[in-house]
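One-letter residues, chain by chain:
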Amino acid sequence: MTQADETRIALVTDTHAWPGSQHSFGNEQEQLQPWFETIHATFLAEVRSVSPDMLIHLGDFSCGGGSFEMPEDAFAAAMERLNRDFRSAAPAFYGLPGNHDCPAGSNDYSFCEGRLGLAPRLGLTVDTDAARLVFLHSQGHSDEQRRAALPRDPTHGWIADAELERLDRSLAEAGERPVIVFTHQLLHPWANAQRWRGLYAVANSEAVLEMFARHGNVRAVFQGHAHILDMREVTVGGKSIRFVVAPSLIQYPLGWLLLTLTAGALRVQYRALPLPELSEHSRTAGIGSDWRTPDRAWLDFTVEL
């Protein structure tokens, strides 16, 4: 049970759901869409077993956008189902659009934004007893940027000017309170040697990092998109920030994160789904995904707030 002085958060990302799909996606067919029902039911059971106060999804709920060619009715049904199921799994649910959370060939994120209660290109801010949570919308590309990317989705992230202004206000108003930021694409390079900027970065991340340096109250950033578990401790503006990439639920290492917020500390625990055969199937698909194996130090660590 959650203690009175703590907030427990189930954090998941990149579910890439396509209920009923018989095809595995990814360059090596390492994504496990044909096993969606098993993965989804297992995840919901795991979440309910820890009784979190909040469930957060960092985007790419579905197989919309470019490359997947998901029919629009299947996209809408998947978005509706996941939002309904996640809202039933915890007292509070928050989410952000990923680059794939739009109908194929449209780059229109309004359906996803509407289901998440978001204004166009804007995230939101939520306060807990221990910290301020800022949900940073990284699909803020202009209409011109979105049209230029068609028929693909704009894989890199972009923070719209209005969202940058909202972030600045949220950090300023937080004052000395610790801030935790959640977003889809990456604001800082990951720790492994794989290339990151072209496909995985927020293209105007420098503007965000400048705000972090100026305000000095961001303690951790949680990101999705890259389908790995990764963590780096970086000094920004003289203050330490943990940049964490949360793993995908649709491929190896097949897991999610449990965050426990208490006064002065944030504990981060990796929770592998109890589906070892599926995880191994994804790990060994094609040329294999051993490079996605996380450092053991990232499986359970604490961030001082």
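For the structure itself, look to the data block above.
Predicted model only: the values in this text are computed from it and were never measured.

A.B. asks: What is the right way to read the packing of aromatic side chains from this model?
C.D. replies: Both the distance between ring centres and the angle between the ring planes are used here to describe each pair of aromatic rings. Across all of its chains, the model carries twelve aromatic pairs by this definition. Pairing Phe43 with Phe86 gives two aromatic rings, centres 6.0 Å apart and planes at 90°, and the pair type is edge-to-face. Taken together, the positions of Phe43 in helix H1 (residues 36-50) and Phe86 in helix H2 (residues 72-89) put the pair 43 residues apart, joining distant regions of the chain. For the pair shown, Phe43 and Phe86 are each scored as buried. Ring geometry for Phe75 against Phe111: centres 5.9 Å apart, planes inclined by 55°, an arrangement best described as tilted. One end of the pair, Phe75, is in helix H2; the other, Phe111, is in helix H3 (residues 110-116), with 36 residues separating them in the sequence. Judged by relative accessible area, which is 23%, Phe111 ranks as partly exposed. In textbook terms, an aromatic cluster arises when at least three aromatic residues are bridged by ring pairs, as seen for Phe43, Phe61, Phe86, Phe93 and Trp256.

A.B. asks: Got a minute to help me understand H2 in this structure?
C.D. replies: An α-helix turns once every 3.6 residues. As a result, residues three or four positions apart point the same way. Helix length check: H2 (18 residues) gives 26 Å between terminal C-alpha atoms against 26 Å at 1.5 Å per residue, within 8%. Here H2 has its buried residues at Phe75, Ala78, Met79, Leu82, Asn83, Asp85, Phe86 and Ala89.

A.B. asks: Can you help me understand the pairing of strand E12 (residues 300-304) in this one?
C.D. replies: In the case of a regular strand, side chains alternate between the two sheet surfaces. Residues Phe301 and Val303 line the buried face of E12, whereas the alternating positions Asp300, Thr302 and Glu304 sit on a face that is not buried. Across five bridges, the pairing between strand E11 (residues 265-272) and E12 is antiparallel. Bridge pairing in E12 links Leu266 to Val303.

A.B. asks: What exactly am I supposed to notice about the side chain of Gln31 here?
C.D. replies: Mapped onto the elements of the fold, Gln31 is located in the loop between strand E1 (6-12) and H1. By relative accessible area, Gln31 is classed as buried at 7%. Polar side-chain contacts of Gln31 include one of 2.8 Å to the side chain of Gln33. Leave out the neighbours within four places in its chain, and Gln31 touches His16, Ser24, Phe25, Gly26, Phe68, His227, Ile250 and Gln251.

A.B. asks: Before we go on, may I ask you to explain the nonpolar core in this structure?
C.D. replies: Judged by nonpolar contacts, the single largest core of 66 residues is most densely connected at Phe43, Leu55, Phe182, Phe222, Leu257 and Leu266. Filtering out sequence-adjacent residues up to four positions away, Phe43 remains in contact with Val12, Leu55, Phe86, Leu249, Trp256 and Leu273. In this structure, Ile159, Val179, Val208 and Met211 belong to the second largest nonpolar core, which totals 21 residues.

A.B. asks: Teacher, can you tell me more about the sheet that holds strand E8 (residues 230-236) here?
C.D. replies: The strands that make up a sheet pair up through hydrogen bonds in the backbone, lying either parallel or antiparallel. With mixed pairing, six strands are arranged side by side in an open sheet as E4-E5-E6-E7-E9-E8. For this open sheet the edge positions go to strand E4 (124-127) and E8, each flanked by a neighbour on one side alone. Within the sheet, the average angular offset between the axes of one strand and its neighbour, ignoring direction, is 20°. Pairing analysis gives four bridges linking strand E5 (residues 132-135) to strand E6 (residues 179-182), with the strands arranged parallel. Looking at the pairing, Leu133 lines up with Ile180 of E6. This element, helix H7 (residues 205-215), spans E6, strand E7 (218-223), E8 and strand E9 (239-245) of the sheet and lies at about 60° to E8.

A.B. asks: Before we go on, may I ask you to explain the pairing of strand E3 (residues 92-95) in this structure?
C.D. replies: Sheet topology note: the strand E2 (residues 54-57)/E3 ladder contains four bridges and is parallel. Note on E3: the bridge partner recorded for Met54 is Ala92. Handedness of the β-α-β unit built from E2, H2 and E3 comes out right-handed.

A.B. asks: For this particular structure, what's the right way to read the state of the cysteines?
C.D. replies: Two cysteines form a disulfide when their sulfur atoms are joined by a covalent bond. This structure, assessed with the given rule, holds zero disulfides. Here Cys102 is not disulfide-linked; the sulfur of Cys112 is the nearest cysteine sulfur, at 9.1 Å. What makes Cys102 buried here is its relative accessible area of 0%.

A.B. asks: I keep staring at the side chain of His227 and nothing clicks. Help me out?
C.D. replies: With respect to the helices and strands, the residue His227 is situated in the loop between E7 and E8. For His227, the side chain forms a polar contact with the side chain of Gln251, separated by 2.6 Å.

Reading guide: rules and limits
Residue numbers here run from 1 along each chain, matching the order of that chain's written sequence. Note on the predicted model: pLDDT of at least 70 is required for a residue's local features to be given, and 80 or more for side-chain atom pairs to be given and counted; whole-chain, interface and lining totals, by contrast, use all residues. Note that water and hydrogens are dropped before the side-chain values are worked out from all heavy atoms of the structure. Each aromatic pair joins two rings of Phe, Tyr and Trp (for Trp, the six-membered one) with centres within 6.5 Å, and gets the label stacked for planes under 30 degrees apart, edge-to-face for over 60, and tilted for any other angle. Elements are defined by DSSP. Helices are runs of H or I of four residues or more, strands are runs of E of two residues or more, and each kind is numbered from the N terminus. For every residue, the accessible area (1.4 Å probe, protein chains only) is compared with the maximum for its type, and the residue is labelled buried under 20%, exposed over 50%, or partly exposed between those bounds. Helices are assigned an expected span. That span is 1.5 Å times one less than the residue count. Only when DSSP finds a minimum of two bridges between them are two strands counted as paired. Definition of a polar contact: a pair of N or O atoms within 3.5 Å, with one able to donate and the other able to accept a hydrogen when the atoms are protein atoms, and with sequence-neighbouring residues admitted only if both atoms are side-chain atoms. A contact between two residues is defined here by any heavy atoms of the two lying within 4.5 Å. The term nonpolar core refers to a set of buried residues drawn from Ala, Val, Leu, Ile, Met, Phe, Trp, Tyr and Cys, joined through side-chain atoms within 4.5 Å. Note on geometry: axes are C-alpha line fits, over the in-contact stretch for helices, and angles between N-to-C directions span 0 to 180 degrees. The definition of a right-handed crossover adopted here requires that, viewed with the strands pointing away, the path from the first strand over the helix to the second runs clockwise. Disulfide assignment relies on a single distance test, namely cysteine sulfur atoms paired within 2.5 Å.

Honestly, it's all geometry; don't read function into it.
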